[in-house]
Amino acid sequence: MLNILVDTGSSNFAVGAAAHPFLRRYYHRSLSSSYRDQGRSVYVPYTQGRWEGELGTDLVSVPHGPNATLRANIAAITQSDRFFINGSNWEGILGLAYADIARPDETLEPFFDSLVRQTSVPNIFSLQLCGAGFTQNYSLGSATVGGSMIIGGVDPSLYVGELWYTPIRREWYYEVIIVRIEVNGQDLNMDCKEYNYDKSIVDSGTTNLRLPRKVFQAAVKAIEAASSTEQFPSGFWLGEQLVCWETGTTPWHIFPVISLYLMSENHNQSFRISILPQQYLRPVEDVASAQEDCYKFAVSQSSTGTVMGAVIMEGFYVVFDREKKRIGFAVSTCHVHDEFRTASVKGSFHGVDLEDCGYNIPQTDESTLMTIAYIMAGICALFMLPLCLMVCQWRFARCFHPHGDFADDISLLK
């Protein structure tokens, strides 16, 4: 039995298949009588780290999950760089996104697609990620972390209040549309397309809330202003430096609430999810002493769109309803909070044509391409005309001065 990291931001099921300093155990293909080699290699890069390996299939069952065994595609990781984590308790990764982003190509069926196709499991799963400050009896990393994955449905005991759903805009990553961002109730007042440039996704495999450059700069400016009662080094806001306080004295109250508004199933309405500093200030235990609590700022800049990582998900119970192409959010029963504030999900809020907030990659049709080609040809012709005239002039002159020109040609060749 192997422990697997659940990742909604990728689509490959991959496990360590060779000895590694950070692995306590790994997958021995040679000892599996049901393993079938596909004769293909695969390489997967992430925002941080990468791995490569060999593709095959094997019989897989999920402990404490559906009572079923299925044949699934498995990547046997033979080489990796900054992928496995020292002190973690997992030996592989389960990508739960769609086939469009599977490696080496979209013909590779992801694990959850195989599970739904081969069994009677409904096409839905849900996640409750419990933050680093939540006490649990087991650990998935250096900090005490826990949670639950419900395959095939929803567990009402894992959330409070109502589930609010946002449509899955496109089935590759779990792409959604953000229509507004607030810091302590103050709107960032940006064009909503900026929030989704070039996409916004829900990704359990990423720790931070990652924002496009312009949005990140505006958000940091607002957060810094809201917490101005204390001064922090500039490196803290860039995730390069930690801040520490005496144990038990972290001033949570000076840090603002961050709110994201997501388009609801009614495209003219939205709902708001709000997280606390207990989510976006990440405890760093390996550098803290018994007398200090140290934190890293877990909102960062992105060049690949908005990523709603664990910083967001740990406040909520998140339902990935693939059957109805929607993602649901409700307040988690295990999120970390204080006596004054709590994470929240509230709605609805009226808007107009909120679907227009989504970013569309510019499409160039065939007629536009032809027009561009003609324009480029015309430009080339304009540049070639003077050259042709010069050549003709040279040939004409050569007829009258053959010896001198020949000498000039030879000198040029030298």
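Being a predicted model, the structure only gives us computed values, none of them experimental. (Residues numbered from 1 in each chain as written. Predicted model: local features only at pLDDT ≥ 70, side-chain atom pairs only at ≥ 80, totals over all residues. Heavy atoms only, no water.)

Caption draft 1: Structural detail: the overall build of the chain. Broken down by element type, the chain carries eight helices and 23 strands. Within the chain, contacts between residues separated by at least 24 positions form 69% of all contacts whose residues are at least 6 apart in sequence. Roughly 21700 Å² of accessible area belongs to the chain as shown, and the carbon and sulfur atoms make up 53% of that amount. (Helix = DSSP H or I, 4+ residues; strand = E, 2+ residues; numbered from the N terminus. Contact = heavy atoms within 4.5 Å. Areas by Shrake-Rupley, 256 points an atom, 1.4 Å probe, with all protein chains shown as cover.)

Caption draft 2: Summary view of the sheet that holds strand β22 (residues 326–332). The strand order across the open sheet formed by five strands is β8-β7-β21-β22-β9, and the pairing between neighbours is antiparallel. Lying at the two open borders of the sheet, with one neighbouring strand each, are β8 (146–151) and β9 (159–167). Between one strand axis and the next, the sheet turns through 15 degrees on average, direction left out of account. Where strand β7 (residues 124–130) meets β8, six bridges bridge the pair, whose relative direction is antiparallel. Bridge assignment links Ser-126 to a residue of β8, and that residue is Ile-150. (Pairing = 2+ DSSP bridges. Axes fitted to C-alpha atoms, helices over the stretch in contact; angles between N-to-C directions.)

Caption draft 3: Spotlight on empty space enclosed by the protein. Counted under the stated rule, the structure contains two cavities of 30 Å³ or more. In terms of lining residues, the largest cavity is bounded by Ser-11, Asn-12, Phe-13, Leu-55, Asn-73, Ile-74, Ala-75, Leu-108, Glu-109, Pro-110 and Phe-111. Among the elements that take part in the lining of the largest cavity, strand β5 (residues 69–81) stands out by supplying three residues, more than any other. Classifying every residue of the lining of the largest cavity gives seven nonpolar, three polar and one charged. When its volume is computed, the second largest cavity comes out at roughly 40 Å³. Lining the second largest cavity are Ile-181, Leu-209, Leu-211, Ala-219, Ile-223, Ile-258, Leu-260 and Val-299. Elements supplying a minimum of two residues to the lining of the second largest cavity: β13 (209–212), α3 (213–226) and β15 (258–263). Class assignment of the residues belonging to the lining of the second largest cavity gives a composition of eight nonpolar, no polar and no charged. (1 Å grid on protein atoms, 1.4 Å probe; cavity = no way out; pocket = protein on both sides within 12 Å on 5 of 7 lines; lining within 4 Å. Points joined across faces, edges and corners; volume = space filled by probe spheres on them. Nonpolar A, V, L, I, M, F, W, Y, C, P; charged D, E, K, R; others polar.)

Caption draft 4: Focus on the environment of Ile-124. Mapping Ile-124 onto the fold places it in strand β7. Taking C-alpha positions, Ile-124 is 5.8 Å from Phe-320, a pair spaced 196 residues apart along the chain. In contact with Ile-124, other than residues within four places in its own chain, are Phe-112, Ile-150, Ile-151, Gly-152, Gly-153, Val-154, Val-319, Phe-320, Asp-321 and Arg-322.

Caption draft 5: A look at the side chain of Ser-114. Along the chain, Ser-114 turns up in helix α1 (residues 111–118). Given the relative accessible area of 1%, Ser-114 is considered buried. The contact partners of Ser-114, leaving out residues within four places of it in the chain, are Leu-70, Arg-71 and Glu-109. (Buried < 20%, exposed > 50% of the residue type's maximum accessible area, 1.4 Å probe, protein only.)

Caption draft 6: View of the sheet that holds β5. The sheet built from six strands is open, its strands ordered β1-β6-β2-β5-β4-β3 with mixed pairing. The open sheet has two edge strands with one neighbour each: β1 (4–7) and β3 (36–45). Each neighbouring strand pair of the sheet contributes to a mean axis angle of 30 degrees, computed without reference to strand direction. Sheet contacts for α1: β2 (13–16), β4 (50–61), β5 and β6 (92–95); angle to β5, the most-contacted strand, approximately 170 degrees.

Caption draft 7: Fine view of α1. Every buried residue of α1 is listed here: Phe-111, Phe-112, Ser-114 and Leu-115. In an axial view of α1, the angular spread of the buried residues amounts to 160 degrees, which keeps them on one side of the axis. Against β2, β4, β5, β6, β7 and β8 lie the buried residues of α1. (Arc of directions from axis to C-beta.)

Caption draft 8: Representation of the side chain of Arg-326 within the structure. Assignment of secondary structure puts Arg-326 in strand β22. Owing to a relative accessible area of 13%, Arg-326 belongs among the buried residues under this scheme. Within polar-contact distance, the side chain of Arg-326 engages the side chain of Glu-265 at 3.3 Å. When near neighbours in sequence (up to four residues on either side) are disregarded, Arg-326 contacts Tyr-165, Thr-166, Pro-167, Ile-168, Glu-265, Val-319, Phe-320 and Asp-321. (Polar contact = N/O pair within 3.5 Å; in protein donor to acceptor, adjacent residues only side chain to side chain.)

Caption draft 9: Highlighting unusual backbone geometry. For the peptide bond that leads from Tyr-197 to Asp-198, omega is 5 degrees, which places it in the cis range. Here Asp-198 shows up in the loop between α2 (192–195) and β12 (200–202). With omega at 0 degrees, the peptide bond leading from Gly-347 into Ser-348 counts as cis. Backbone geometry at His-64 places phi at a positive 65 degrees, although glycine is not the residue there.

Caption draft 10: Local environment of the confidence of the model for the chain. In the predicted model, the chain carries a mean pLDDT of 87, and the fraction of residues at 70 or more is 84%. With pLDDT under 50 throughout, residues 136–144 is counted as low confidence; its partners more than four residues away or in other chains account for 23 contacts. In this model residues 396–414 is a low-confidence stretch, pLDDT under 50, and it forms four contacts with partners more than four residues away in sequence or in other chains. (pLDDT = per-residue confidence, 0-100.)

Caption draft 11: Representation of α3. If you check α3, its first and last C-alpha atoms are 20 Å apart, about what 14 residues at 1.5 Å a residue would give, namely 20 Å. Listed in full, the buried residues belonging to α3 are Val-215, Phe-216, Ala-219, Val-220 and Ile-223. Around the axis of α3, the buried residues are gathered within 125 degrees of arc, so they sit on the same side. (Expected span 1.5 Å × (residues − 1).)

Caption draft 12: Region of interest: the nonpolar core. With 76 residues, the main nonpolar core has Ile-273, Tyr-280, Met-308 and Phe-329 as its most contacted residues. If sequence neighbours within four positions are ignored, Ile-273 has contacts with Ile-258, Ser-259, Leu-260, Leu-262, Met-308, Ile-312, Phe-316, Phe-329, Ser-344 and Val-345. With 14 residues, the next largest nonpolar core counts Val-42, Ala-75, Ile-77 and Ile-93 among its residues. (Core = buried A, V, L, I, M, F, W, Y, C linked by side-chain atoms within 4.5 Å.)

Caption draft 13: Focus on the environment of Leu-5. Here Leu-5 lies in strand β1. Separated by ten residues in sequence, Leu-5 and Val-15 have C-alpha atoms that sit 9.8 Å apart. Beyond its immediate chain neighbours, meaning those up to four positions away, Leu-5 contacts Trp-90, Gly-92, Ile-93 and Leu-94.

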